[in-house]
Amino acid sequence: MIRGGMPTLSVSDLDRSVRFDTEALGLGLVLRAGDHGAHVDAGDGLQLGLHPGASGPPATTVSVGLIVTEPIGDVVATLRSRGVTVEDPNREGRQAIASVTDPDGNPRYLYEPGR
């Protein structure tokens, strides 16, 4: 009955945010509605909505987690080579998390599940 989801993030510069998600993070652009918003595909039924209108730090405390499909250290290295600021992975047992902040200060994290 329900599949996937779409958290929507408020952004101050839609073009910059679309570039961050598609070029830096490597997510696919699903929809660009001019200057009104965009949707990017984060995989497995999850899309991120980008909605212009933010000014200043994000007003939300929601953090978006993105599950990695490669070793987290490799993903962190790739993102850093693209100019993304990523914290070193924090490993807890077989799981690992690395924090990323988008250009508007919205918190995100990379998650490597225990394998």
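Colleague: Can you walk me through the nonpolar core in this structure?
Modeller: Soluble globular proteins: nonpolar side chains tend toward being buried together. Leu-50, Ile-72, Leu-79, Val-84, Val-86 and Leu-110 are the most contacted members of the largest nonpolar core, which has 25 residues in total. Mapped onto this core, the elements with two or more residues apiece are strand 1 (8-11), helix 1 (14-24), strand 3 (38-43), strand 4 (46-52), strand 5 (64-67), helix 2 (72-81) and strand 7 (95-101). In contact with Ile-72, other than residues within four places in its own chain, are Pro-89, Arg-91, Ala-96, Ile-97, Ala-98, Leu-110 and Glu-112.

Colleague: Is there a simple way to think about helix 1 in this case?
Modeller: Working note: α-helix, 3.6 residues per turn, so residues spaced by three or four point in the same direction. Listed as buried for helix 1 are Leu-14, Ser-17, Val-18, Phe-20, Asp-21 and Ala-24. Its side-chain oxygen 3.2 Å from the backbone nitrogen of Asp-15, Asp-13 forms the N-cap of helix 1. Positive phi appears at Gly-26, one or two residues downstream of helix 1, with a value of about 80 degrees.

Colleague: How should the pairing of strand 8 (residues 107-112) be read in this particular structure?
Modeller: The side chains of a regular strand alternate, residue by residue, between the two faces of the sheet. The two faces of strand 8 differ: Arg-108, Leu-110 and Glu-112 on one face are buried, but Pro-107, Tyr-109 and Tyr-111 on the other face are not. Alignment of strand 5 against strand 8, held across four bridges, turns out to be parallel. Among the inter-strand pairings, Val-64 is bridged to a residue of strand 8, identified as Arg-108. In this structure, strand 7 lies alongside strand 8, joined through six bridges in antiparallel fashion. Pairing of Thr-101 across the sheet is with Pro-107, part of strand 8. Hairpin connection between strand 7 and strand 8: a loop of five residues separates the two successive antiparallel strands, and Gly-105 in this loop has a positive phi of roughly 85 degrees.

Colleague: Is there a simple way to explain the sheet that holds strand 8 in this structure?
Modeller: Sheet architecture is open: four strands sit in the order 5-8-7-6, paired in mixed fashion. Both edges of this open sheet fall to strand 5 and strand 6 (90-92), since each of them pairs with a single strand only. Direction aside, the axes of adjacent strands within the sheet are offset by 25 degrees on average. For strand 6 and strand 7, the ladder comprises three bridges, and the chain directions are antiparallel. Among the inter-strand pairings, Asn-90 is bridged to a residue of strand 7, identified as Ile-97. Contacts between helix 2 and the sheet are confined to strand 6, strand 7 and strand 8, with strand 8 contributing the most and set at about 140 degrees to the helix.

Colleague: Would you take a moment to explain the environment of Leu-9 for this structure?
Modeller: Note on placement: Leu-9 falls in strand 1. The exposure class of Leu-9 is buried, given its relative accessible area of 5%. For the pair formed by Leu-9 and His-51, sequence separation is 42 residues and the distance between their alpha carbons is 6.1 Å. In contact with Leu-9, not counting residues within four places along its chain, are Gly-49, Leu-50, His-51, Val-64, Asp-102, Asn-106 and Arg-108.

Colleague: Would you mind showing me how to read the sheet that holds strand 3 here?
Modeller: Sheets are built from strands that pair by backbone hydrogen bonding, the pairs being arranged parallel or antiparallel. Spatially, four strands are ordered 1-4-3-2 in an open sheet, and the strand pairing comes out mixed. The sheet is open, and its two edges are formed by strand 1 and strand 2 (28-32), each paired on a single side. Taking the axes of each pair of neighbouring strands and ignoring which way they run, one obtains an average angle of 25 degrees across the sheet. Sheet analysis places strand 3 next to strand 4, joined by five bridges and oriented antiparallel. Bridge pairing in strand 4 links Ala-38 to Leu-50. Packing against the sheet, helix 1 makes contact with strand 1, strand 2, strand 3 and strand 4, and its axis sits at approximately 150 degrees to strand 2.

Definitions and cut-offs
- Residues numbered from 1 in each chain as written.
- Predicted model: local features only at pLDDT ≥ 70, side-chain atom pairs only at ≥ 80, totals over all residues.
- Heavy atoms only, no water.
- Core = buried A, V, L, I, M, F, W, Y, C linked by side-chain atoms within 4.5 Å.
- Buried < 20%, exposed > 50% of the residue type's maximum accessible area, 1.4 Å probe, protein only.
- Helix = DSSP H or I, 4+ residues; strand = E, 2+ residues; numbered from the N terminus.
- Contact = heavy atoms within 4.5 Å.
- Polar contact = N/O pair within 3.5 Å; in protein donor to acceptor, adjacent residues only side chain to side chain.
- Pairing = 2+ DSSP bridges.
- Axes fitted to C-alpha atoms, helices over the stretch in contact; angles between N-to-C directions.

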